[in-house]
Amino acid sequence: MSKSLARVRQAITDLGLRAEVLAPGPSRTAEAAAEACGCALDQIAKSLIFQGESGAIYLFLTAGGNRLDEVKAAALAGETLLRADAATVRKSTGFAIGGVAPIGHLTAPRIFADPRLLDFETVFAAAGTPNHVFSVAPAALFAACTAQTAEFTA
């Protein structure tokens, strides 16, 4: 088992989440994850990592079919944001792009969550690798990762 997957499994346990880790196959994109999981595209909880001018890291947990509005996201963060590069994502979260989980980060980012995810009983989020996801109730996930529900999509 990869270190990243093990860290997510441990975070699920530590946070008391009722979640199931699955290995549905390649899930690097929201579209691929939805197909692999047999769910609606918006049931995929994408973890988008941005870095502020200050160096702070932000995670925007976004429904699979939604697009982040960078102006709205920057307003929430209170600073100009740039998409974090692969090295920054790995250094701050411990995950590679395509497998960034909303929990189990090396350094906890500030997290904003797309309210669209609350329309579902279950959502699927990356579990630390491009081939693993975990299923979880969105409200429980938001509470566990202390996500602030906010409008930041286009």
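Please read all numbers here as calculations on a predicted model, not as lab measurements.

Chemist: Where do I start with unusual backbone geometry in this structure?
Modeler: Outside of glycine, negative phi angles account for most residues, and trans bonds account for most peptide bonds. Despite not being glycine, Thr 146 has its phi angle at roughly 50 degrees, a positive value. Within the fold, Thr 146 resides in the loop between α5 (138–144) and β8 (148–149).

Chemist: Could you clarify how one ought to interpret the side chain of His 132 in this entry?
Modeler: Tracing the backbone shows His 132 in the loop between β6 (123–126) and β7 (133–136). Of the polar contacts made by the side chain of His 132, one reaches the side chain of Thr 129; its length is 2.6 Å.

Chemist: Honestly, the state of the cysteines in this entry has me stumped. Any pointers?
Modeler: What makes a disulfide is a covalent bond joining the sulfur atoms belonging to two cysteines. Within the structure shown, the criterion is met by zero disulfides. In this structure Cys 37 is not part of a disulfide, and its nearest cysteine sulfur, from Cys 39, lies 5.0 Å away. Judged by its relative accessible area of 17%, Cys 39 is buried.

Chemist: What am I meant to see in helix α1 (residues 3–15) here?
Modeler: Structurally, the α-helix is built with 3.6 residues per turn, so residues lying three or four positions apart point the same way. Here α1 contains 13 residues, and its C-alpha end-to-end distance of 18 Å stays within 8% of the 18 Å for a straight helix at 1.5 Å per residue. Buried within α1 are the following residues: Ser 4, Leu 5, Val 8, Ala 11 and Ile 12. One side of α1 holds all its buried residues, which, seen down the axis, span an arc of 120 degrees. Residues Lys 3, Thr 13 and Asp 14 are exposed on α1 and point more than 90 degrees away from its buried face. As for α1, its buried residues are in contact with β1 (20–22) and β7. Phi turns positive one or two residues past the end of α1, at Gly 16, with a value near 70 degrees.

Chemist: Teacher, can you tell me more about the packing of aromatic side chains here?
Modeler: The description of an aromatic ring pair uses the distance of the two centres, along with the angle that the planes make with each other. Applying the stated criterion across every chain yields a total of three aromatic pairs. Taking 5.9 Å as the distance between ring centres and 85 degrees as the angle between the ring planes, the aromatic pair formed by Phe 50 and Phe 60 counts as edge-to-face. Of the two residues, Phe 50 is situated in strand β2 (residues 44–52) and Phe 60 in strand β3 (residues 57–63); the sequence distance between them amounts to ten residues. One exposure class covers both Phe 50 and Phe 60, and it is buried. What links up through ring pairs into an aromatic cluster is the set Phe 50, Phe 60, Phe 112 and Phe 152.

Chemist: So what exactly am I meant to see when it comes to the environment of Ser 135 here?
Modeler: Mapped onto the elements, Ser 135 comes out in strand β7. Ser 135 sits in the buried class, given a relative accessible area of 12%. Considering only alpha carbons, one finds Ser 135 and Ala 45, 90 residues apart in sequence, at a separation of 9.8 Å. If we skip the residues at most four places from it in the chain, Ser 135 touches Arg 18, Ala 19, Glu 20, Leu 22, Thr 122, Val 123 and Phe 124.

Procedures and definitions
- Residues numbered from 1 in each chain as written.
- Predicted model: local features only at pLDDT ≥ 70, side-chain atom pairs only at ≥ 80, totals over all residues.
- Heavy atoms only, no water.
- Helix = DSSP H or I, 4+ residues; strand = E, 2+ residues; numbered from the N terminus.
- Polar contact = N/O pair within 3.5 Å; in protein donor to acceptor, adjacent residues only side chain to side chain.
- Disulfide = S-S within 2.5 Å.
- Buried < 20%, exposed > 50% of the residue type's maximum accessible area, 1.4 Å probe, protein only.
- Expected span 1.5 Å × (residues − 1).
- Arc of directions from axis to C-beta.
- Contact = heavy atoms within 4.5 Å.
- Phe/Tyr/Trp six-rings, centres within 6.5 Å; stacked < 30°, edge-to-face > 60°.

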